[in-house]
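Single-letter residue listing:
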Amino acid sequence: GVQTCALPITIWTVWFESYGDKKIPCIKAARDFTNLGLKEAKELVEACPCAVLSTADESLARRMYEELLEISYTCTYDGRPSGVKVELRRAEIAPA
């Protein structure tokens, strides 16, 4: 479950879990939401599970998460206070 913390959430991370048979759409989504080139986006998707986007913009993280869900991609996103290690805060947040 989600860990609670007294500090405000300031960093949002979208996690690629697996791409199944949707590799090309996932590479496109990675390129659309990051500044990665084709080669880097492909390497990122192939390295999953991994963090693909960390941002202070919750709406950007949410849009990427929702787009990945639309293409039947297994993904999660979470929020954490700035300075807290990602490995300690990783948890799935259910869609609103």
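Below is a summary of the structure that appears in this document. Quantities reported herein were computed from a predicted structural model and do not represent experimental measurements.

The next point concerns the pairing of strand 1 (residues 11–18). In terms of burial, strand 1 is a largely internal element, six of the eight residues being buried. Pairing geometry for strand 1 and strand 2 (residues 50–55), over five bridges, is antiparallel. Looking at strand 2, one finds that Val-14 is bridged to Leu-53.

Taken as a whole, this structure holds two aromatic pairs when the rule is applied. Residues Trp-12 and Tyr-77 carry aromatic rings whose centres are separated by 5.7 Å and whose planes lie at 45° to one another, so their mutual orientation is tilted. Of this pair, Trp-12 sits in strand 1 while Tyr-77 sits in strand 3 (residues 74–80); the two residues are 65 residues apart in sequence, bridging distant segments of the chain. For the ring pair Tyr-65 and Tyr-77, a centre distance of 4.9 Å and an interplane angle of 50° mean the geometry is tilted. Of this pair, Tyr-65 sits in helix 3 (residues 58–70) while Tyr-77 sits in strand 3, placing them twelve residues apart in sequence. Note on accessibility: Tyr-65 and Tyr-77 belong to one class, buried. Following the ring pairs from residue to residue traces out a cluster consisting of Trp-12, Tyr-65 and Tyr-77.

According to the stated counting rule, one finds five salt bridges in the structure shown. Residue Lys-42 pairs with Glu-46 through a salt bridge whose shortest N-O separation is 2.9 Å. With Lys-42 and Glu-46 both in helix 2 (residues 38–46) and four residues apart, this pair spans about one turn of that helix. Here Glu-66 and Arg-62 are joined by a salt bridge, their closest N and O atoms 3.2 Å apart.

Let us now look at helix 2. Listing the buried residues of helix 2 in full gives Ala-41, Leu-44 and Val-45. The buried side chains of helix 2 occupy one side of the element, clustering within an arc of 95° when seen end-on. In this structure, the buried side of helix 2 is in contact with strand 1, helix 1 (23–33) and strand 2.

The peptide bond linking Cys-48 to Pro-49 adopts the cis configuration, its omega dihedral lying at 10°. Inspection of the secondary structure assignment puts Pro-49 in the loop between helix 2 and strand 2.

How each quantity is defined
- Residue positions are given per chain, counted from 1 along the sequence in the order it is written.
- Confidence filtering applies because this is a predicted model: local features only for residues at pLDDT of at least 70, side-chain atom pairs given and counted only at 80 or more, and all residues used for totals across whole chains, interfaces and linings.
- Side-chain calculation: all heavy atoms of the structure are included, whereas hydrogens and water are not.
- Partly exposed describes any residue whose relative accessible area lies between the buried limit of under 20% and the exposed limit of over 50%, with all areas from a 1.4 Å probe on protein chains only and scaled to the type maximum.
- Working definition: helices are DSSP H or I runs of at least four residues, strands are E runs of at least two. Numbering for both runs from the N terminus.
- Two strands form a pair only when DSSP identifies at least two bridges running between them.
- Each Phe, Tyr or Trp ring, with Trp reduced to its six-membered ring, pairs with another whose centre is within 6.5 Å; inter-plane angles below 30 degrees give stacked pairs, above 60 give edge-to-face pairs, and intermediate values give tilted ones.
- Criterion for a salt bridge: a side-chain nitrogen of Lys or Arg within 4 Å of a carboxyl oxygen of Asp or Glu.
- When we speak of the arc, we mean the arc of directions from the helix axis to the C-beta atoms.
- Any two residues whose heavy atoms approach within 4.5 Å at even a single point are treated as in contact.

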